[in-house]
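# Fold and contact review
Chain residues, written in single-letter form:
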Amino acid sequence: MKIQKMYSTIDVHVAGEAFRIIKDVPFIHYQNLKQLNKQISHVFLEEINLLLNEPRGFAGINGCLIIPPVNQEADAAVIFLNHEGTVPLHYGGIVAVITALLECGYLKPRASNKYKIETVSGVIPVTATIENNEVVSVLIESEPCQVTHVNVPSPYEHLNSRFSLVQADQLYAVFEKCDTSAEIRIEELSKLKKWGKTVLQSLKSKTPVKSIILMDASHLDEKRIKTITFRNDEYIVRSPGFGSTMACYTSLLSNSRLYMESSFINESIFDSSLTVQFAKQTESGYKFTLASRGFITGMQKFILDPTDPLPTGFLLK
């Protein structure tokens, strides 16, 4: 075997969603994070494919490229990646990154538990609680979220349902589970995937929705909901989804179905969960605090053999 390139990564999952943290940064000149973000999809494309695509990665994995901060107030900077390119902000990725930085000794713990992570969207304050050298909780305050449209009829004539459009970290269409007979559980995954595919295809040419959410709000009195989120490429988000959780809470608040003081839990189809709490209301919408925890699943070195017939990998759909 001849080694052409080698990369070191840390893998972390947050409520079931996988993140591959990449430490090997390309040697290119940039003056700020936005400039690097524009360049990275081109100069780092081979590495993105190598580390995120199968057989080394898989369709549901996310990439986080850690670099020294440009902003003097920040402790670290991160560029978020997926199979399509860069992502301005990924809250789950922030949980993964701060967990790896603290537990692997790249950042020294502080008595205040307060840290700042620089992203393309700005510097994000983070509260990370450590017990016995483990990060047991990460708290993040979200950007504003707002409902843009309510009670929108489905464009698919055979689907008698309505939905809300919510702008969170991206644009979501939020559907209620009462619009389908499928229960949000693994045993009915096939039926749920069929529903998701039908809805996504019906919305594709009608609205710039990035993801659709099916929400079961039948246990609101217990301060919990259950959701499943389909990305516009028809893949299912592996966690309850930080953006999905904010979108659902925003939709429920706008319909006066929740009190602002209440926190609640969003459970995924895999029974992982995220906790969300109303923080404040601004002219731009609702802001929340979200709590979760990351778990390091591996520290790996990936190599590229020049004779490998699959240097850029593939994705199974």
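For clarity, every value in this text was computed on a predicted model and none was experimentally measured.

### Structural notes on the overall build of the chain
- Tallying secondary structure elements over the chain gives 5 helices and 17 strands in all.
- Over its C-alpha trace the chain gives a radius of gyration of 20 Å, about what one expects of a compact globule, namely 20 Å for 317 residues.
- When its C-alpha atoms are laid out on the principal axes, the chain stretches across 60 × 50 × 35 Å.
- Put simply, the chain has 317 residues, and 51% of those count as buried.
- With the model as given, the accessible surface of the chain reaches about 15200 Å², and the carbon-plus-sulfur share is 49%.

### As for a nonpolar patch on the surface
- Judged by side-chain polarity, L310, F314 and L316 come together as a nonpolar surface patch covering roughly 270 Å² of accessible area.
- Inspection of the secondary structure puts L310 in the segment after β17 (294-304).

### Thoughts on the nonpolar core
- Ranked by internal contacts, the top residues of the largest apolar core, which has 55 residues, are I21, I94, I98, I117, V138, I225 and F288.
- It is helix α3 (residues 91-103) that provides the largest number of residues to this core, a total of 9 residues.
- Each residue touching I21, except ones within four places of it in the same chain, is listed here: S8, T9, I10, V12, C64, I66, A96, V97 and A100.

### Some remarks on the pattern of salt bridges
- Considering all chains together, one arrives at 15 salt bridges under this definition.
- One network of salt bridges, with partners in common, ties together K5, E46 and E47.

### Side note on unusual backbone geometry
- The amide bond that connects E54 to the next residue, P55, takes the cis arrangement and shows omega of 10°.
- Tracing the backbone shows P55 in the loop between α2 (45-52) and β3 (62-67).
- Backbone geometry at N113 places phi at a positive 65°, although glycine is not the residue there.
- Considering the arrangement of structural elements, one finds N113 in the loop between α3 and β6 (114-119).
- Within the chain, K223 stands out as a residue other than glycine whose phi angle is a positive 60°.

### Quick look at helix α1 (residues 33-43)
- Taken as a whole, α1 has its buried residues at L33, L36, N37 and I40. Taken around the axis of α1, the buried residues stretch over an arc of 105°, which confines them to a single face. Pointing more than 90 degrees away from the buried face of α1 are the exposed residues K34, K38 and H42.
- As for α1, its buried residues are in contact with α2, β3, β4 (76-82), β5 (85-87) and β6.
- Regarding α1, its N-cap is N32, as a side-chain oxygen of that residue lies 3.2 Å from the backbone nitrogen of K34 further along.

### Considerations on the environment of Y235
- Counting through the fold element by element, Y235 comes out in the loop between β13 (224-231) and α5 (242-254).
- Take Y235: its relative accessible area is 14%, and that puts it in the buried class.
- Leave out the neighbours within four places in its chain, and Y235 touches A59, T229, F230, L315, L316 and K317.
- In this structure the side chain of Y235 is engaged in a polar contact, spanning 2.7 Å, whose partner is the backbone oxygen of L316.

### Digging into the side chain of N62
- Summarising the element assignment, N62 is placed in strand β3.
- At a separation of 3.5 Å, a polar atom in the side chain of N62 contacts the side chain of E17.
- Within the structure, the side chain of N62 is placed 3.0 Å from the backbone oxygen of A18, a separation counted as a polar contact.
- Leaving out residues up to four positions away in the same chain, N62 has contacts with E17, A18, F19, R20, L52, L81 and H90.

### Looking at the confidence of the model for the chain
- When pLDDT is averaged across the chain, the result is 91; 96% of the residues are at 70 or more.
- In the model of the chain, strand β9 (residues 146-153) stands out as the element of lowest mean pLDDT, 88, in contrast to α3, which has the highest, 98.

### Considering the state of the cysteines
- A complete count under the given rule lists 0 disulfides for this structure.
- Summary of cysteine pairing: C104 is not part of a disulfide, and the nearest cysteine sulfur, belonging to C64, is at 13 Å.
- The class for C104 is partly exposed, based on a relative accessible area of 24%.
- We note that C145 lacks a disulfide partner, and the nearest cysteine sulfur, in C248, lies 11 Å from it.
- Under the relative-accessibility criterion, C145 is labelled buried at 1%.

### Brief notes about the side chain of N53
- Secondary-structure assignment places N53 in the loop between α2 and β3.
- Leave out the neighbours within four places in its chain, and N53 touches I48, F58, H83, T312, G313, F314 and L315.

The rules we used
Residues numbered from 1 in each chain as written. Predicted model: local features only at pLDDT ≥ 70, side-chain atom pairs only at ≥ 80, totals over all residues. Heavy atoms only, no water. Helix = DSSP H or I, 4+ residues; strand = E, 2+ residues; numbered from the N terminus. Rg over C-alpha atoms; globule rule 2.2 N^0.38 Å. Buried < 20%, exposed > 50% of the residue type's maximum accessible area, 1.4 Å probe, protein only. Areas by Shrake-Rupley, 256 points an atom, 1.4 Å probe, with all protein chains shown as cover. Patch = residues over 30% accessible without salt bridge, like charges linked within 9 Å, V, L, I, M, F, W, Y side chains within 5 Å. Salt bridge = Lys/Arg side-chain N within 4 Å of Asp/Glu carboxyl O. Core = buried A, V, L, I, M, F, W, Y, C linked by side-chain atoms within 4.5 Å. Contact = heavy atoms within 4.5 Å. Arc of directions from axis to C-beta. Polar contact = N/O pair within 3.5 Å; in protein donor to acceptor, adjacent residues only side chain to side chain. pLDDT = per-residue confidence, 0-100. Disulfide = S-S within 2.5 Å.

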